[in-house]
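Here is how the chains run, residue by residue.
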Amino acid sequence: MIIVNSVILWIHLVSAMFFVGGSLFVWWVVVPASYRLTKDESRRTEIVGTIARVFGRIVGPTILVLIATGIYNATWYLSSFGELFRDAKGIVLLAKIIVTAVLIALIGVHDVYFSRKIARLAAEERHTELAAVRRWSHVLSAATVVAMGGVLALTVALGALG
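### Focus on the overall build of the chain
Of regular secondary structure, the chain possesses five helices and zero strands. Taken from N to C terminus, the helices and strands of the chain fall in the order α-α-α-α-α. Classification of the 162 residues of the chain by burial places 35% in the buried group. Seen as two clouds, the 15 positive and the 9 negative side-chain charges of the chain have centres 2 Å apart.

### Structural notes on the packing of aromatic side chains
Evaluation of the coordinates by the stated rule reveals three aromatic pairs. Ring geometry for phenylalanine 81 versus phenylalanine 85: centroids 5.6 Å apart, planes at 70°, classification edge-to-face. Each ring, one from tyrosine 113 and one from phenylalanine 114, has its centre 4.9 Å from the other, and the planes form 85°; the classification is edge-to-face. Owing to a relative accessible area of 41%, tyrosine 113 belongs among the partly exposed residues under this scheme. In this structure phenylalanine 114 comes out as buried when scored by relative accessible area, which is 11%. In this structure, arginine 44 packs its charged tip against the face of tyrosine 35, placed 3.6 Å from the ring centre.

### Observations concerning the nonpolar core
Ranked by internal contacts, the top residues of the largest apolar core, which has 20 residues, are Phe19 and Leu103. Counting residues per element, the ones that place at least two in this core are helix H1 (2–37), helix H2 (41–77), helix H4 (88–123) and helix H5 (127–161). Ranked by residue count, the leading element in this core is H4, at seven residues. Ignoring sequence-local partners within four residues, the contact set of leucine 103 consists of Phe19, Thr144, Ala147, Met148 and Val151.

### As for the side chain of serine 137
Inspection of the secondary structure puts serine 137 in helix H5. Relative accessible area serves as the criterion here: at 4%, serine 137 is assigned to the buried category. Not counting residues within four places of it along the chain, the set of residues in contact with serine 137 comprises His110, Phe114 and Ile118.

### A word on unusual backbone geometry
For glutamate 125, which is not glycine, the phi torsion reads 55° and is therefore positive. A residue is classified by how much of its surface remains accessible, and glutamate 125, at 54% relative accessible area, is exposed.

### Section: the side chain of histidine 12
Summarising the element assignment, histidine 12 is placed in helix H1. A polar contact of 3.4 Å, which involves the side chain of histidine 12, links it to the backbone oxygen of leucine 66. Aside from chain neighbours lying at most four places away, what touches histidine 12 is Leu66, Thr69, Gly70, Asn73 and Lys96.

Rules used throughout
Residues numbered from 1 in each chain as written. Predicted model: local features only at pLDDT ≥ 70, side-chain atom pairs only at ≥ 80, totals over all residues. Heavy atoms only, no water. Helix = DSSP H or I, 4+ residues; strand = E, 2+ residues; numbered from the N terminus. Buried < 20%, exposed > 50% of the residue type's maximum accessible area, 1.4 Å probe, protein only. Lys, Arg positive; Asp, Glu negative; His and termini not counted. Charge placed at Lys NZ, Arg CZ, Asp CG, Glu CD. Phe/Tyr/Trp six-rings, centres within 6.5 Å; stacked < 30°, edge-to-face > 60°. Lys NZ or Arg CZ within 6 Å of the ring centre and 35° of its normal. Core = buried A, V, L, I, M, F, W, Y, C linked by side-chain atoms within 4.5 Å. Contact = heavy atoms within 4.5 Å. Polar contact = N/O pair within 3.5 Å; in protein donor to acceptor, adjacent residues only side chain to side chain.

Interpretation in functional terms is not warranted from these geometric data alone.
This is how it looks when you write it as structure tokens:
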């Protein structure tokens, strides 16, 4: 059982590294670099959108792997469902579940609403509206980064609690 647990934990950690590292790369490298590549907003949006779509095709399955392996790994911390509400490890795990749900919701809103709206406004060359939508998209992206940091911090707290 130790080998199975170790393999599942490894899959979870590699998936988390890919998800968090890839997301930070897109937000902190690809988006800023796109401003250097071209001044044309429509072209810049096309470049970032293409990269984000390719990454997004991998992120969806990665999130599913994280959820599945996370549920499996949760069994290490809890001997019963009730411990989620009365044990220190359970409370931290519950907080991690809640922050993870918020993170997934933020990503979903960004994908479904902002990404599509930005692409449409750029294609229509409606640059004033595009700038306003981008500002809100950046706020949502910042909230997503904060949520990722929260999940990572709660993971460390879980490990410290044993």
